[in-house]
Amino acid sequence: EVKLLESGGGLVQPGGSMRLSCAASGFTFTDFYMNWIRQPAGKAPEWLGFIRNKANGYTTEYNPSVKGRFTISRDNTQNMLYLQMNTLRAEDTATYYCARWPLGAHYFDYWGQGVMVTVSS
Amino acid sequence: DIKMTQSPSSLSASLGERVTISCRASENINNILAWYQKKEDGSVKLLIYYTSNLQSGVPSRFSGSGSGKDYSLTISGLESEDIATYYCQQGYTPPLTFGSGTKLEIK
């Protein structure tokens, strides 16, 4: 069974940093692109970016809205996905999800349960 | 970015009723469209991909259709477990973008 479990959220001050983690299980982690998506309360989800699979060199792509502030990485020995968020702003307050991208697809077939990040002083 | 506009934003329907949710893209997305269901507990489930393909395990009362800019999700025979918010998502042009959601309630 595919499982994705995010952790690391909470309250952070504006200008601060936070790293989210996503533990993956139930599938061959290195075969898949992995994504981060966020959703502010009452708003549309926003795709943040992905990290490619082993066959594609684990390279990354980002939404221009967060490029330069957010970094996606993975530890393939631990089946872990990470989102490093820097220079956080109030508008980064949201629930953050990790999600799997099926091979050759342009949609997300499994999502984690989400983790809340609040940016406030 | 491609803007995805969903309608209606909320919908109240009776059990057993046929329900249709619409999604319009700001440009042609060539059927690269998915639908998701988000429950109150925050869990998100893929329902439909590439406009009309039913994800494994999703009940057959869910169906999708459309082309070009206009797409729809239909639930044929609403059940109580379908109470959720539904989102469309285009995967044709990065950045991938989502609609603002349709909240479905029981009348």
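To start, this report covers the structure provided alongside it. (Residues numbered from 1 in each chain as written. Chains lettered and ligands numbered in written order. Predicted model: local features only at pLDDT ≥ 70, side-chain atom pairs only at ≥ 80, totals over all residues. Heavy atoms only, no water.)

### Details of the pattern of salt bridges
If the charged atoms of two oppositely charged side chains come close together, the side chains can form a pair.
Residue and element names in this part refer to chain A.
Step number 1: Inspection of the entire model under this criterion finds nine salt bridges over all chains.
Step number 2: Glu61 serves as the salt-bridge partner of Arg52, at 3.0 Å between the closest nitrogen and oxygen.
Step number 3: Note that Asp92 is salt-bridged to Arg69, the shortest N-O span being 2.8 Å. Of this pair, Asp92 sits in the loop between strand 8 (80-85) and strand 9 (94-101) while Arg69 sits in the loop between strand 6 (60-62) and strand 7 (70-75); the two residues are 23 residues apart in sequence, bridging distant segments of the chain.
Step number 4: For Asp92, a relative accessible area of 1% gives the class buried.
Step number 5: By sharing partners, the salt bridges in this structure join Arg38, Glu46, Arg69 and Asp92 into a single network. (Salt bridge = Lys/Arg side-chain N within 4 Å of Asp/Glu carboxyl O. Helix = DSSP H or I, 4+ residues; strand = E, 2+ residues; numbered from the N terminus. Buried < 20%, exposed > 50% of the residue type's maximum accessible area, 1.4 Å probe, protein only.)

### Quick look at unusual backbone geometry
Step number 1: Following Ser7 of chain B, the chain continues into Pro8 of chain B via a peptide bond in cis, with omega recorded as -10°.
Step number 2: Position of Pro8 of chain B among the secondary structure elements: in the loop between strand 1 (4-7) and strand 2 (10-13).
Step number 3: In this structure, Pro95 of chain B follows Pro94 of chain B across a cis peptide bond, with omega equal to 0°.
Step number 4: In this structure, Thr87 of chain A is a non-glycine residue whose phi angle is positive, near 45°.
Step number 5: Mapping Thr87 of chain A onto the fold places it in the loop between strand 8 and strand 9.
Step number 6: Taking the relative accessible area as the measure of exposure, Thr87 of chain A reaches 47% and is therefore partly exposed.
Step number 7: Unlike most non-glycine residues, Thr51 of chain B shows phi in positive territory, near 75°.

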